[in-house]
Amino acid sequence: MKKMLAAAVSRVLSRVAQKPTGRVLGASCNYSNDATFEIKQCDLFLLEEGPPVTSVLTREDGLKYYKMMQTIRRMELKADQLYKQKLIRGFCHLCDGQEACCVGLEAGINPTDHVITSYRAHGLCYTRGLSVRSILTELTGRREGCAKGKGGSMHMYCSYFYGGNGIVGAQGQIAETFNMAALWKLPCVFICENNRYGMGTAAERAAASTDYYKRGNFIPGLRVDGMDVLCVREATKFAADYCRSGKGPIVMELQTYRYHGHSMSDPGITYRTREEIQSVRRKSDPIMLLRDRMVNSTLSSVEELKEIDAEVRKEIDVAAQMALTCPEPPLEEIAHHVYCGDPPFEVRGANQWIKFKSIS
C-alpha cells in the first residue's frame, strides 16, 4: 500500500514539475526578430509614385498591433453587450472590422500629430492613448470617463485627439476644406474610411463614382487596403512624409468593412446579407490576416497569441466592471467645462428658473 501511495505521489509530483518546464520551453521558442511581407499596391491619383509594396514587420511591432486590434475588437463587442443591456444609452457606433485602420494610422504618425475624427471613433480613442477603462466608463456615462461621462460614444477627447464630430462628411464643408487646404498647402491628411455603406445604403447605390480617393480633384490621393494593418501603416507614413515635405494636403481612402450596423439601432442585415458579412470575416478579417502572417513567419505562435487573447478578455471584463460601478457625474456639474480658461458663469437649465454654474 505504501509503495502504491509513494508511486502515485511520485507521478503527481512529476506532472507538477513538468508544467513549468513546458512554459519555459514555450517562452524560449526560436522566434524570428522580423519578417518582410508583400502588401497590396495602392491606387494613385495625381502621384508619380506611392507607398512601397513590401513591409518589414518586427516581432515586437507585430505583437503590439495584434494586441491593440484584439483589444479594440473585444472592447466593441463588450460595448454591444452593455448597450443591449441598456447600460449604454444614446448613439453608439461600433468599429469592429475596421481595427486595421486605426492601428495602422497610429503606427504611421507621431504621437504629437493632431487627429480629428467623426463618430465610430472608439478604436481611434484607444490608439491615441485612452485606456479601455476610460472609454467604457465614458460610454456608460460615468464620472471617470475621458469626458467626465458627459460626452458618450460620439464625443471623446485626449491630448492631440479630438474625437467625435458629427456629419463631417457633408459635401459642402468637405469641398471648402479641400479648397482651403490646397490653397494654403496645409499639411493635412484627409482620410475616408470607406466601409462600403453610408448608413444603410451601399456606396455603389449612392455615388456615381466610388473613387473617393479622387474626390480632392486637385489634391493627390491614395486608395489603400484598409483591412491590412501593414498596408495602412506604410500608406500613412507615405502620406505624412508627403505633407511634412511642404507639398500640401493628400487624400487617403481606406477600403474596409464594418461588421456591425451603422449604429446600435441598425441590425445591419436589412440591406446586406449575413453571408456577405461572414465572407468578409473568412477572407479579409484584419486580426486573422495579421495572426496568420505572424504564425507562418515564426514571429509568434498560436499558443502565444491565445495567451494574448485571454489577457485581453480579462482586461476588458475588469474595465467593464469598473464602468458599471463608478459613480455618475453629479447634476451640479452638468454645465462644467463648456469653455476652457473662462471665469465661472451661469447656464440656463430646462426653464428660466433653473440655473447651473459653469466652471472651466
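Bear in mind that the values here come from a model prediction, so they are computed numbers and not experimental data.

Basis of the calculations
- Think of each chain on its own: its residues are numbered from 1, step by step along the sequence as written.
- Restriction of local features to residues with pLDDT of at least 70 applies here, the model being predicted, together with a cutoff of 80 or more for giving and counting side-chain atom pairs; totals for whole chains, interfaces and linings are based on all residues.
- Values shown for side chains rest on all heavy atoms present in the structure; no hydrogens or waters enter the calculation.
- Numbering of helices and strands runs from the N terminus, with a helix taken as a DSSP run of H or I at least four residues long and a strand as a DSSP run of E at least two residues long.
- Only protein chains enter the accessibility calculation, which uses a 1.4 Å probe; a residue is then buried when its area is under 20% of its type maximum, exposed when over 50%, and partly exposed in between.
- Accessible surface is estimated by sampling points in the Shrake-Rupley manner with a 1.4 Å probe; for residues, cover comes only from the protein chains shown.
- As used throughout, the charge tally considers Lys and Arg to be positive and Asp and Glu to be negative, leaving His and the chain termini uncounted.
- Where a charge lies is defined by one atom per residue type: Lys uses NZ, Arg uses CZ, Asp uses CG and Glu uses CD.
- By definition here, a salt bridge exists when the distance from a side-chain nitrogen of Lys or Arg to a carboxyl oxygen of Asp or Glu is within 4 Å.
- Computed over the protein atoms alone on a 1 Å grid, cavities are sets of points where a 1.4 Å probe fits but cannot get out and pockets are open sets with protein on both sides within 12 Å along at least five of seven lines; a residue lines them when it has an atom within 4 Å of a point.
- Grid points are joined across faces, edges and corners, and a volume is the space filled by probe spheres set on the points.
- Just so you know the grouping, Ala, Val, Leu, Ile, Met, Phe, Trp, Tyr, Cys and Pro go in nonpolar, Asp, Glu, Lys and Arg go in charged, and all remaining residues, Gly too, go in polar.
- Centre distance within 6.5 Å is the pairing criterion for rings of Phe, Tyr and Trp, where only the six-membered ring of Trp is used; planes under 30 degrees apart are then read as stacked, over 60 as edge-to-face, and the remainder as tilted.
- Charge-over-ring contacts are defined here by two conditions on Lys NZ or Arg CZ: a distance within 6 Å of the ring centre and an angle within 35 degrees of the ring normal.
- Note on geometry: axes are C-alpha line fits, over the in-contact stretch for helices, and angles between N-to-C directions span 0 to 180 degrees.
- The scheme is simple: roughly parallel for angles under 35 degrees, roughly antiparallel for over 145, roughly perpendicular for 65 to 115, oblique for anything else.
- In this scheme, a crossing is called left-handed if the near helix is turned counterclockwise away from the far one by less than a right angle; it is called right-handed if the turn is clockwise.
- The contact criterion used throughout is that any non-hydrogen atoms of two residues lie within 4.5 Å.
- Confidence scores labelled pLDDT are given residue by residue by the predictor and lie between 0 and 100.
- Here, a strand pair is defined by DSSP locating no fewer than two bridges between the strands.
- Each helix should span, by expectation, one fewer than its residue count multiplied by 1.5 Å.
- Remark: nonpolar core denotes a set of buried residues (Ala, Val, Leu, Ile, Met, Phe, Trp, Tyr, Cys) joined through side-chain atoms within 4.5 Å.

**Q** Go over the overall build of the protein with me, naming the residues and quoting the values.
**A** Across its full length, the protein carries 11 helices and 13 strands. Taken over the C-alpha atoms alone, the protein extends approximately 90 × 60 × 45 Å along its principal axes. The buried share of the protein, reckoned over its 360 residues, is 44%. Approximately 19800 Å² of the protein is accessible, and the part contributed by carbon and sulfur atoms is 54%. Computing the positive centroid from 47 side-chain charges and the negative centroid from 41, the protein places the two 7 Å apart.

**Q** An account of the pattern of salt bridges is needed here, citing residue identities and associated values.
**A** Evaluation of the coordinates by the stated rule reveals 16 salt bridges. Between Asp-80 and Lys-84 there is a salt bridge whose closest N-O contact spans 3.2 Å. Here Lys-84 and Asp-80 lie together in helix α2 (residues 59-84), a separation of four residues that amounts to about one turn. The class for Lys-84 is exposed, based on a relative accessible area of 61%.

**Q** An account of empty space enclosed by the protein is needed here, citing residue identities and associated values.
**A** Tallying each qualifying case throughout the model produces three cavities of 30 Å³ or more. Every residue lining the largest cavity is listed: Cys-95, Gln-98, Cys-102, Arg-120, Ala-121, Gly-123, Leu-124 and Glu-193. Split into classes, the residues belonging to the lining of the largest cavity amount to four nonpolar, two polar and two charged. The space that makes up the second largest cavity amounts to roughly 40 Å³.

**Q** Describe the packing of aromatic side chains, and please don't skip the residues or the numbers.
**A** With the rule as written, the count across this model stands at four aromatic pairs. For the ring pair Tyr-197 and Tyr-271, a centre distance of 5.3 Å and an interplane angle of 50 degrees mean the geometry is tilted. One end of the pair, Tyr-197, is in strand β8 (residues 197-198); the other, Tyr-271, is in the loop between β11 (250-255) and α9 (274-284), with 74 residues separating them in the sequence. On the basis of relative accessibility, which here comes to 12%, the residue Tyr-197 falls in the buried class. The aromatic ring of Tyr-197 is capped on one face by Arg-272, whose charged end is 5.6 Å from the ring centroid.

**Q** Break down the packing of α2 against helix α5 (residues 132-139) for me, citing the residues and quoting the values.
**A** Between α2 and α5, whose axes approach to 11 Å, the crossing angle comes to 20 degrees. Relative to α5, α2 is oriented roughly parallel. As for the relative orientation of α2 and α5, their crossing is right-handed in sense. On α5, the residues that touch Thr-71, Met-75, Lys-78 and Ala-79 of α2 are Val-132, Ile-135, Leu-136 and Leu-139.

**Q** Any details on the confidence of the model for the protein? Residues and values, ideally.
**A** Of the residues in the protein, 91% reach a pLDDT of 70 or more, and the chain-wide mean stands at 91. Under a pLDDT of 50 for its full length, residues 1-27 has, in the predicted model, one contact with residues more than four places off or in other chains.

**Q** Break down the sheet that holds strand β4 (residues 115-117) for me, with residues and values.
**A** Pairing is mixed across the open sheet formed by three strands, whose spatial order is β4-β6-β5. Each edge of the open sheet is held by one strand with a lone partner, namely β4 and β5 (156-158). The mean angle between the axes of side-by-side strands here comes to 0 degrees, regardless of whether they run parallel or antiparallel. One ladder, built from three bridges, connects β4 with strand β6 (residues 161-163); its direction is parallel. Each bridged residue has a counterpart across the sheet, and for Ile-116 the counterpart in β6 is Tyr-162.

**Q** Please provide a residue-by-residue account of α2, values included.
**A** In this model, α2 (26 residues) spans 38 Å end to end at C-alpha, consistent with the 38 Å of a helix rising 1.5 Å per residue. Positioned one or two residues after α2, Lys-86 has a phi angle of 65 degrees, which is positive.

**Q** Just give me the short version of the nonpolar core, but keep the residues and values in it.
**A** Buried together is how nonpolar side chains tend to be arranged in soluble globular proteins. Membership of the largest hydrophobic core comes to 62 residues, with the highest contact counts inside it found for Leu-222 and Val-224. Excluding anything up to four places from it in sequence, Leu-222 contacts Cys-42, Asp-43, Leu-44, Leu-47, Pro-51, Tyr-213, Ala-235, Phe-238, Ile-250, Val-251, Met-252 and Glu-253. Formed by seven residues, the second largest nonpolar core is a distinct cluster that contains Tyr-197, Ala-202, Tyr-257 and Ile-277.

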